[in-house]
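As a plain string of letters, each chain reads:
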Amino acid sequence: MPFRKNINGENQYYYKPYKSKTKQIQQDWLKEHGYKRNTFPPQFFENIEKTLKRGYWAYAIDGDGWIYNKKNKMKFEVGIMLKDREPIQELADIYGTSISCTEFLTESWATVYKTKLSGKRALHFLRLICPYMTEKRKKATQAINMFDPNYHPPKISMNFRQNPDLLKPHMESVGGFFDTEGSVGIKIRNQKKKTKKLGEKIYSFLDPWLKFDNTDIRPLRKLKKLLETWPFTFKPTLSIYKARKQTKSNGENVKTSYTLHIPHPQHLLFMKMFSPWILITRKREYADRFELKKKIYKICGARK
């Protein structure tokens, strides 16, 4: 699936006939070491349960993952595809799955990396992350119910005063959704102003942004509630974008887009606070860039 810019200027998958080249860049660890289907080393799943970032992967799969149930078969798969390799690499290393890389024969399309889980690995993964999911929580529950009809994911509290241990997985969820649906950057912009003494003058300034975009409002509402809950002091705003044209050229309906904005004065705080749970380097590095912006404005005596 290639990427193209959506209405918010973000990279987004879209389907279209295209020429591509896919190759496997990491083999399945279990197959390489002679393990038969659905057989695993001792303590394989127990070790995963000690280290897996459940909140992160719940919202990463909510963002850019998929859960595919095969009709009339007790089988399903869970996968994720991104143009940044770091999250794909971490999940593949944890579960020993393979990684494939797809290059598109069009310069404007980014190379994408993919890994997917099936069988016992997929079921184990969904059991761990389902309680923290929002957008794909129902699909995850349905997949688990194929093997455990009585399963229902518990609700995870946001009362961190009574449940301080739950703060970490919720912070992970912010990192997971930021890696998949978040956007951060700084641009130099110019603005014309007329003055009495100098006439028209051009002013340059740094214009930063930090936001989450999605066509499903539910995870954004949950993130907004989280960021407004003690001990956090963020004041995010949620906006809606409706396209003028309600249908695409191929006849499909245009989805409404929602954006959760982090206020400018809280950009640095957000990046410093959540960077430990952001796996994508190019996004995590903005913690230092926002720090540098603050220093520049302080030296120049500019307004923050």
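Up top is the structure.
Residues numbered from 1 in each chain as written. Predicted model: local features only at pLDDT ≥ 70, side-chain atom pairs only at ≥ 80, totals over all residues. Heavy atoms only, no water.

A. Quick look at the overall build of the protein. Of regular secondary structure, the protein possesses 11 helices and 11 strands. Counting across all 304 residues of the protein, residues that qualify as buried make up 45%. Considering only contacts within the protein whose residues lie at least 6 apart along the sequence, 65% involve residues at least 24 apart. (Helix = DSSP H or I, 4+ residues; strand = E, 2+ residues; numbered from the N terminus. Buried < 20%, exposed > 50% of the residue type's maximum accessible area, 1.4 Å probe, protein only. Contact = heavy atoms within 4.5 Å.)

B. Seen up close, the packing of aromatic side chains. Taken as a whole and assessed by the stated rule, the structure comprises 19 aromatic pairs. The rings of Y59, F177, F178, F212, F232, F234, F270 and F274 are connected pair by pair, giving a single aromatic cluster. Here the basic side chain of R161 rests over the ring of W230, its NZ or CZ set 4.1 Å away from the ring centre. Above the face of the Y286 ring, R289 is positioned so that its terminal group lies 4.5 Å from the ring centre. (Phe/Tyr/Trp six-rings, centres within 6.5 Å; stacked < 30°, edge-to-face > 60°. Lys NZ or Arg CZ within 6 Å of the ring centre and 35° of its normal.)

C. Structural view of the packing of helix α7 (residues 167-181) against helix α8 (residues 217-227). Two elements in contact, α7 and α8, have axes separated by 11 Å at closest approach and are oriented at 135°. Comparing the axis directions of α7 and α8 gives the class oblique. As α7 runs across α8, the sense of the crossing is left-handed. Each of H170, S173, V174 and F177 in α7 lies in contact with α8, whose residues at this interface are P219, L220, L223 and L226. Looking at the contact of α7 with α8 residue by residue, the class counts come to six nonpolar, two polar and no charged. (Axes fitted to C-alpha atoms, helices over the stretch in contact; angles between N-to-C directions. Parallel < 35°, antiparallel > 145°, perpendicular 65-115°, else oblique. Left-handed = near helix turned anticlockwise from the far one by under 90°. Nonpolar A, V, L, I, M, F, W, Y, C, P; charged D, E, K, R; others polar.)

D. Expanded view of empty space enclosed by the protein. For the structure shown, the criterion picks out one cavity of 30 Å³ or more. In this structure, the largest cavity spans a volume of roughly 60 Å³. Looking at the largest cavity, the residues that line it are Y59, Y132, I156, M158, H170, S173, K222, L223 and L226. Elements that contribute at least two residues to the lining of the largest cavity include exactly α7 and α8. Grouping the constituent residues of the lining of the largest cavity by class yields six nonpolar, two polar and one charged. (1 Å grid on protein atoms, 1.4 Å probe; cavity = no way out; pocket = protein on both sides within 12 Å on 5 of 7 lines; lining within 4 Å. Points joined across faces, edges and corners; volume = space filled by probe spheres on them.)

E. Structural detail: the side chain of H267. Tracing the backbone shows H267 in helix α9 (residues 267-274). Overall, H267 belongs to the buried group, its relative accessible area being 2%. Apart from residues lying up to four places away in sequence, H267 is in contact with P208, W209, L210, I262 and F290.

F. Helix α5 (residues 119-129), seen in detail. Counting buried positions along α5 gives eight out of 11 residues, so the element sits mostly inside the fold. Of all the residues in α5, the buried ones are R121, A122, L123, H124, F125, L126, L128 and I129.

G. Local environment of the pattern of salt bridges. Using the criterion set out here, one finds 14 salt bridges in the structure. With a shortest N-O distance of 2.4 Å, D207 and R189 are connected by a salt bridge. Of the two residues, D207 is situated in strand β9 (residues 199-214) and R189 in strand β8 (residues 182-195); the sequence distance between them amounts to 18 residues. Residue D207 is classed as buried on the basis of its relative accessible area of 19%. (Salt bridge = Lys/Arg side-chain N within 4 Å of Asp/Glu carboxyl O.)

H. Quick look at a positive patch on the surface. Together, K31, R37, K70, K73 and K75 give the surface a local cluster of positive charge. Looking at the element boundaries, K70 is found in the loop between β4 (65-69) and β5 (76-82). (Patch = residues over 30% accessible without salt bridge, like charges linked within 9 Å, V, L, I, M, F, W, Y side chains within 5 Å. Areas by Shrake-Rupley, 256 points an atom, 1.4 Å probe, with all protein chains shown as cover. Lys, Arg positive; Asp, Glu negative; His and termini not counted. Charge placed at Lys NZ, Arg CZ, Asp CG, Glu CD.)

I. Structural view of the nonpolar core. W57, Y95, F125, I129 and F270 are the most contacted members of the largest nonpolar core, which has 69 residues in total. Beyond its immediate sequence surroundings of up to four residues, W57 is in contact with L52, I80, P87, E90, L91, I94, F125, I129 and L279. (Core = buried A, V, L, I, M, F, W, Y, C linked by side-chain atoms within 4.5 Å.)

J. Region of interest: the layout of surface pockets. The volume enclosed by the second largest pocket comes to roughly 710 Å³. Taken together, 29 residues make up the lining of the second largest pocket; nearest its centre are D28, R37, L117, S118 and R121. Top element by residues in the lining of the second largest pocket is strand β7 (residues 112-118). It accounts for five residues.

Any link to function would need more than the numbers given here.
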